[in-house]
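What follows is the residue order along each chain.
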Amino acid sequence: MLSSVIMMLIYFLLWGSVIATHNTENSGSSQTPALPPDEMYQDMFPLTKTNFTDCVLRNMDPWILIFHAGAVERAWKTMATRLRGVCWVGTVDVTKETELVTILAYDESKGPFRVFPYGDRNRKENHWRNIEDENTARAVCVRTIPDEVLNMEEEEVKDIFMDSFMAKPTRFPVFLLQVEEETSSTFKALAKRFAKYFTFTKLVRPSSKQLKSIGIEQDNLDLPDMFVVITKEGQTNELNAVRFDKQKLGYFNYTNVMEFLFSVNNNYRHELPGDNLAHVRKHAEMIEIVNIEKKRFDIVSAGSSARLTRSKSKDTHTVRNNGDNENKVNYPEIPGLRDEL
Ligand SMILES: *[C@@H]1O[C@H](CO)[C@@H](O)[C@H](O)[C@H]1NC(C)=O
Ligand SMILES: *[C@@H]1O[C@H](CO)[C@@H](O)[C@H](O)[C@H]1NC(C)=O
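Residues numbered from 1 in each chain as written. Chains lettered and ligands numbered in written order. Predicted model: local features only at pLDDT ≥ 70, side-chain atom pairs only at ≥ 80, totals over all residues.

So, about the sheet that holds strand 7 (residues 88-93). A sheet is described by the order of its strands in space; here five strands give the open sequence 4-7-5-8-9, paired in mixed fashion. Strands at the two margins of the open sheet, each flanked by one partner only, are strand 4 (44-46) and strand 9 (129-131). Shown here is a sheet whose adjacent strand axes are inclined to one another by a mean of 30°, direction ignored. With six bridges joining them, strand 5 (residues 63-68) and strand 7 adopt parallel strand pairing. For Phe 67, the partnering residue across the bridge sits in strand 7 and is Val 92. Running over the sheet, helix 5 (residues 134-143) touches strand 5, strand 8 (113-116) and strand 9 and is turned about 5° from strand 8. (Pairing = 2+ DSSP bridges. Helix = DSSP H or I, 4+ residues; strand = E, 2+ residues; numbered from the N terminus. Axes fitted to C-alpha atoms, helices over the stretch in contact; angles between N-to-C directions. Contact = placed C-beta atoms within 7 Å.)

A word on the environment of Phe 198. Secondary-structure assignment places Phe 198 in strand 12 (residues 198-204). Take Phe 198: there are 20 C-beta atoms within 10 Å of it, and that puts it in the buried class. For the pair Phe 198 and Pro 169, spaced 29 residues apart in sequence, the C-alpha separation works out to 9.8 Å. Leave out the neighbours within four places in its chain, and Phe 198 touches Arg 171, Phe 172, Val 174 and Leu 261. (Buried ≥ 20, exposed ≤ 12 C-beta atoms within 10 Å, placed from the backbone.)

Residues in close proximity to ligand 1 include Phe 45, Pro 46, Leu 47, Thr 48, Asn 51 and Cys 55, which together make up its full environment. Contributions of two or more residues to the shell around ligand 1 are made by strand 4 and helix 1 (49-57). The class makeup of the residues in the shell around ligand 1 is four nonpolar, two polar and no charged. (Near = placed C-beta within 6 Å. Nonpolar A, V, L, I, M, F, W, Y, C, P; charged D, E, K, R; others polar.)

Encoded structure:
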């Protein structure tokens, strides 16, 4: 059924290349167990003086810190859930972590949130920002993630394939077909996380000419759509594509797409041309990514079939539904980090 979607000649390098959709039934994604309810994920990470620097400052990913006095509000948890995978959310219990609170020069009057932008320690130390409400905190945090998704308007298809196939390890070309001009924060975060293994390119409201250039000939596209280009036995004269099956995998959120990318990598890396490095476990299983993501998701890693399964642990935070600011704590003003995001 899906193969009717695509069947088209493209001219890649010296050969005409054929892209055909691959039925995801065989890609392994169908074996992935259902994900558990939202609450099962760990979305908020308690921070202490001991692990703050390692977790936040020595980490390129963006963070939102929430200062609280023993309990978190429902709305903050909702914010953390909405940011799942895209930004990390850390909590500092001001009643317990007094030293950290001092080091951070936390000022209650400036709001419970502090955003540490995407980037290295220097950037985090010099460009954090205090924020009063959770919606602004979320918006500010996701805005700091660089957009490395290529835009088809500005690229030659041939170059995308060349760059992907000549990289070491070989990268899978990924095409996002979407309506919006902007790359969503989910895909900004995913493109960064998976940059070593996948090259993301977006096609905004693609014309049929553009679609043809990547081998897709179809009238009834249901945007957003996503295709990962694969090869057989390293042959670039015939390309295939695996489509993200929304019916089966759900909508485009961080976990669903991540699961799909793990599945594609497990099943097709060894068939990629060039230095696919599928014989090296680190690359076959994308271990670096697993090591990062296993903090918030449980990822089953069994031989060549590493895949994302379910959540980490239950969040242990006490949730308070109404904010009350009774426990006022006075923090000394120690200017440590500058605020100028
Ligand atoms: C930081 O350390 C505390 C205490 O050991 C621990 O409970 C918490 O999970 C750690 N946070 C992270 C993000 O690892
Ligand atoms: C993505 O959607 C699935 C359902 O399709 C859900 O179980 C999962 O929690 C969602 N992930 C995120 C990051 O919101």
